[in-house]
Amino acid sequence: MVWSLVKILVFVVVVAAIGFGASALVDWDADIRIVFASVELTVAPLTMLVAILLLIPVSWLLLATIGLLAAIVRFAVGDDTALTRFFDKSRERRGLESFADGMVALASGEPRVALSKAYRAERNLGKPELTWILSAQAAEEAGDRDKSISAYKKLLEKDQTKFVGLRGILKLKLAGGDTETALKIAEKAFALKPKHEEIQNSLLHLQSKAKDWAGARATLSAKMKSRTLPRNVYSRRDAILALADAKQKIASGDEKAGSAAALAANRAISDFVPAAVLAAEIQTQAGAKRAATRIIRKAWESAPHPDLAAAFAAIEPDESPEQRIRRFESLVAKNPADPEAKMLMAELAIAAGDFPRARIAIGDLAENSPSVRSLAIMAAIERGQGSEDRVVRGWLTKALSASRGPAWTCDACGQLHSEWVPVCGNCDGLDMVSWKETEDATHAYPSTIGVLPLIVASQDSPKSHRAVEILRGSDDEFAGDRKSEKIQSSK
């Protein structure tokens, strides 16, 4: 209310002042005399006021004309003006339209059209970080590898697009099989974005394939810290990489560092068979037989395995067959019903020449869960007890169609391996090789005669020689039957 009153008073005062001034000019009888150089001009006050009021728009028009002329001159010499901005906006609009059309074409599965639109957008838009990305992706979709790499390399010139360029080139190098260059690129991309899951996985894959176990462990640690890998999976895979690193160091002659890494891997995962076997071998060689025995026992409780039996036998290489049976009985006491435990004790009994005991040890395993190994053992038992050849051959005939038994098999591609490896030799999968049953009839089954030298006492007893001959005969007959079967099938 008060403010409105004040505004009204001000308006009245201004109008009154203008009226008073106009009245004063009308009543002013004296003229205004202007002298400039030798020119003298006399005008009335009112005329002077009108001239001043007319001079203001004329002056503005004159200044605007001068400004326009100056802008034209600056445009001619290349300076930024309203006119250049007009043309720039028009060019930018055309560039954005081309870029949008290119993105639509790329999403529609028309990479060639997208590539053409990308080039047009690059000419008009003036934002290479956008158009280069579109060009690279379009060229990649079109199968033009050289153009795609060239566009991705341009992205390396700017910090904000450097990672995009590295990632694009990495994908192309991996697709082309150039893993050596891909590894270097992945390391650079990882340095820029260590929490990027795709780069982490690619780098870990390449480091594992290149057997850079130390680098792979560092990458694995980064995955765990960035929460792209569960802690339990990290612990297992870190132990696997540590074991692989240990084997590599031992092979290169650095036995001290290799032994330390192997023992650490076994402590991390006590039931991991390859780690337990290597750790037990290291302790056995160092004379720590009790420590080696503890390692094997702990692993055997969770995962009975022929390699553990071999390592356990190597702890006391000079014991007699009877002594070996007594020592192994304490090993299998925790899981005597396990198929591996049954076959192991049967083989030990055969090695000692105690065939009735071997039959008791294997029980009904060959009937209820037949495998090549269990059937071969039964054939050896029958031969050792003096059964007729037709009985022995009957067991071997069954083995022709029996399961090959468990083997080191890749969970990803199904590739079979003669021994455990950290990385599958077929698909390069890390931590994919596990000991499991397989239906593939072509893999090398765990032959009884192959296991026997590891569990038979290393002395010249007649019983030991007789056991070896019996098992060798069973295996040879089985191999002969397998050969006959292949010949018949080929006919």
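Keep in mind the model is a prediction, meaning the values are calculated, not measured.

Draft legend 1. Structural context of the sheet that holds strand β5 (residues 433–437). The antiparallel open sheet is built from three strands, whose spatial order is β4-β3-β5. Of all the strands in the sheet, the pair left with one neighbour each is β4 (416–417) and β5. Pairing between strand β3 (residues 406–410) and β4: two bridges, direction antiparallel. Across the sheet, Thr409 pairs through a bridge with Leu416, a residue of β4.

Draft legend 2. Just the state of the cysteines, in detail. One pass over the full model with this rule turns up zero disulfides. Left unpaired, Cys424 is separated from the closest cysteine sulfur, that of Cys410, by 3.6 Å. On the basis of relative accessible area, Cys424 is assigned to the buried category, the value being 1%.

Draft legend 3. Broad picture of the packing of helix α13 (residues 273–285) against helix α14 (residues 289–302). The N-to-C vectors of α13 and α14 enclose an angle of 165°; their axes lie 7 Å apart at closest approach. On the basis of their axis angle, the class for α13 and α14 is roughly antiparallel. The chirality of how α13 crosses α14 is left-handed. Contacts between α13 and α14 pair Ala276, Ala279, Ala280, Gln283 and Thr284 from the former with Lys289, Ala291, Ala292, Ile295, Ile296 and Ala299 from the latter.

Draft legend 4. Expanded view of the pattern of salt bridges. Under the counting rule described, the total for this entry stands at 17 salt bridges. Asp428 is the salt-bridge partner of Lys209, the closest N and O atoms lying 3.2 Å from each other. Residue Lys209 is found in helix α9 (residues 197–209), and its partner Asp428 is found in the loop between β4 and β5; the two are separated by 219 residues along the sequence. According to the relative accessible area criterion, Lys209 is partly exposed, its value standing at 39%. For Asp428, a relative accessible area of 18% translates into the label buried. Note that Asp431 and Arg237 form a salt bridge whose closest N and O atoms lie 3.5 Å from each other.

Draft legend 5. Representation of helix α7 (residues 162–176). Relative to the 21 Å expected for 15 residues at 1.5 Å per residue, α7 spans 21 Å between its end C-alpha atoms, a close match to the ideal helical length. Buried within α7 are the following residues: Phe163, Gly165, Leu166, Gly168, Ile169, Leu170, Leu172 and Lys173. Gly177 sits one or two positions beyond α7 and adopts a positive phi of about 80°.

Draft legend 6. A look at the packing of aromatic side chains. The full count for this structure, using the stated rule, is three aromatic pairs. A centroid spacing of 5.2 Å and a plane angle of 80° characterise the contact between Phe272 and Trp420, whose relative ring orientation is edge-to-face. Here Phe272 is found in the loop between α12 (255–268) and α13, whereas its partner Trp420 is found in the loop between β4 and β5, with 148 residues between them in sequence. Side by side, Phe272 and Trp420 carry an identical accessibility label, which is buried. Ring plane angle 65° and centroid distance 5.3 Å describe the contact between Trp408 and Trp435, whose orientation is recorded as edge-to-face. Here Trp408, found in strand β3, pairs with Trp435, found in strand β5; they are 27 residues apart in sequence, far enough to count as distant.

Rules used in this analysis
- Residues numbered from 1 in each chain as written.
- Predicted model: local features only at pLDDT ≥ 70, side-chain atom pairs only at ≥ 80, totals over all residues.
- Heavy atoms only, no water.
- Pairing = 2+ DSSP bridges.
- Helix = DSSP H or I, 4+ residues; strand = E, 2+ residues; numbered from the N terminus.
- Disulfide = S-S within 2.5 Å.
- Buried < 20%, exposed > 50% of the residue type's maximum accessible area, 1.4 Å probe, protein only.
- Axes fitted to C-alpha atoms, helices over the stretch in contact; angles between N-to-C directions.
- Parallel < 35°, antiparallel > 145°, perpendicular 65-115°, else oblique.
- Left-handed = near helix turned anticlockwise from the far one by under 90°.
- Contact = heavy atoms within 4.5 Å.
- Salt bridge = Lys/Arg side-chain N within 4 Å of Asp/Glu carboxyl O.
- Expected span 1.5 Å × (residues − 1).
- Phe/Tyr/Trp six-rings, centres within 6.5 Å; stacked < 30°, edge-to-face > 60°.

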